[in-house]
Amino acid sequence: MGDCIFCRIVEKQIPSKIVYEDDSILAFHDIDAKAPVHILIIPKEHIPSINDVKPQNCDVIARIFSVIPQIVENLGVKNSGYRVVANSGSDAGQSVNHLHFHVLGGRTLSWPPG
Ligand code: DGP
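Residues numbered from 1 in each chain as written. Predicted model: local features only at pLDDT ≥ 70, side-chain atom pairs only at ≥ 80, totals over all residues. Heavy atoms only, no water.

### Things to note about the packing of aromatic side chains
- Applying the stated criterion across every chain yields a total of 2 aromatic pairs.
- Centroid distance Phe6 to Phe28: 5.5 Å. Interplanar angle 80°. Geometry classified as edge-to-face. In this pair, Phe6 sits in helix α1 (residues 5–10) while Phe28 sits in strand β2 (residues 25–29), placing the two residues 22 residues apart along the sequence.
- With relative accessibility at 2%, the residue Phe28 sits in the buried group.
- For the ring pair Phe65 and Phe101, a centre distance of 5.3 Å and an interplane angle of 80° mean the geometry is edge-to-face. Taken together, the residues Phe65 in helix α2 (residues 58–74) and Phe101 in strand β5 (residues 101–105) connect sequence positions 36 residues apart.
- Phe101 sits in the buried class, given a relative accessible area of 8%. (Phe/Tyr/Trp six-rings, centres within 6.5 Å; stacked < 30°, edge-to-face > 60°. Helix = DSSP H or I, 4+ residues; strand = E, 2+ residues; numbered from the N terminus. Buried < 20%, exposed > 50% of the residue type's maximum accessible area, 1.4 Å probe, protein only.)

Below, the structure written as structure tokens:
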């Protein structure tokens, strides 16, 4: 939508290191990795944030979670552990207004996050 950076990644107008793609979702390496493994999984459809998720988005959200096991296995963190995070709004630090799920792993992750 408009100048959404993730929509431009979906359209391949901006390059990314893709680890998974199908008709409705895309997963790629975060450009500012916070862990040895840091992937973003997004719906191709522009949904600004969790606040905007509607019942008709259930399929794509479920699909995202259904591919995580394969993605984390391919990245070698399925058994060591990983974290899935979705920031929503300014207090959570959401900086890109296109729904995305961070998948972080490859090191011990502190809890609670800052
Ligand atoms: P958040 O702060 O939760 O909105 O996370 C947005 C993430 O998006 C942040 O970790 C950096 C990443 N990011 C921003 N621009 C780009 C880009 O152009 N390419 C890639 N691969 N990641 C990006």
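### Observations concerning a nonpolar patch on the surface
- A cluster of nonpolar residues, Phe65, Tyr82 and Val84, forms a patch on the protein surface that exposes about 240 Å² of accessible area.
- Position of Tyr82 among the secondary structure elements: in strand β4 (residues 82–85). (Patch = residues over 30% accessible without salt bridge, like charges linked within 9 Å, V, L, I, M, F, W, Y side chains within 5 Å. Areas by Shrake-Rupley, 256 points an atom, 1.4 Å probe, with all protein chains shown as cover. Salt bridge = Lys/Arg side-chain N within 4 Å of Asp/Glu carboxyl O.)

### Re the sheet that holds β5
- Spatially, the 5 strands line up as an open sheet ordered β1-β2-β3-β5-β4, and their pairing is antiparallel. Because the sheet does not close on itself, it has two edges, and the strands there are β1 (18–21) and β4. Direction aside, the axes of adjacent strands within the sheet are offset by 15° on average.
- Bridge count for β1 against β2 is 3 bridges, and the pairing is antiparallel. Note on β2: the bridge partner recorded for Glu21 is Leu26.
- Relative to strand β3 (residues 37–43), α2 is tilted by about 155°, and along the sheet it contacts β1, β2, β3, β4 and β5. (Pairing = 2+ DSSP bridges. Axes fitted to C-alpha atoms, helices over the stretch in contact; angles between N-to-C directions. Contact = heavy atoms within 4.5 Å.)

### A look at the site of the ligand
- The immediate surroundings of the ligand are formed by 15 residues, with His29, Asp30, Asn87, Ser95 and His102 found nearest.
- In this structure, Asp30 approaches the ligand through a side-chain N or O atom, which is 2.5 Å from an oxygen atom.
- For the ligand, a nitrogen atom lies 3.2 Å from a polar atom in the backbone of Ile31.
- Coverage of the ligand by the protein amounts to 86% of the 510 Å² it exposes when considered alone.
- Secondary structure elements with two or more residues in the shell around the ligand: α1 and β2.
- Partitioned by chemical class, the residues of the shell around the ligand number 7 nonpolar, 7 polar and 1 charged. (Near = heavy atom within 4 Å. Polar contact = N/O pair within 3.5 Å; in protein donor to acceptor, adjacent residues only side chain to side chain. Nonpolar A, V, L, I, M, F, W, Y, C, P; charged D, E, K, R; others polar.)

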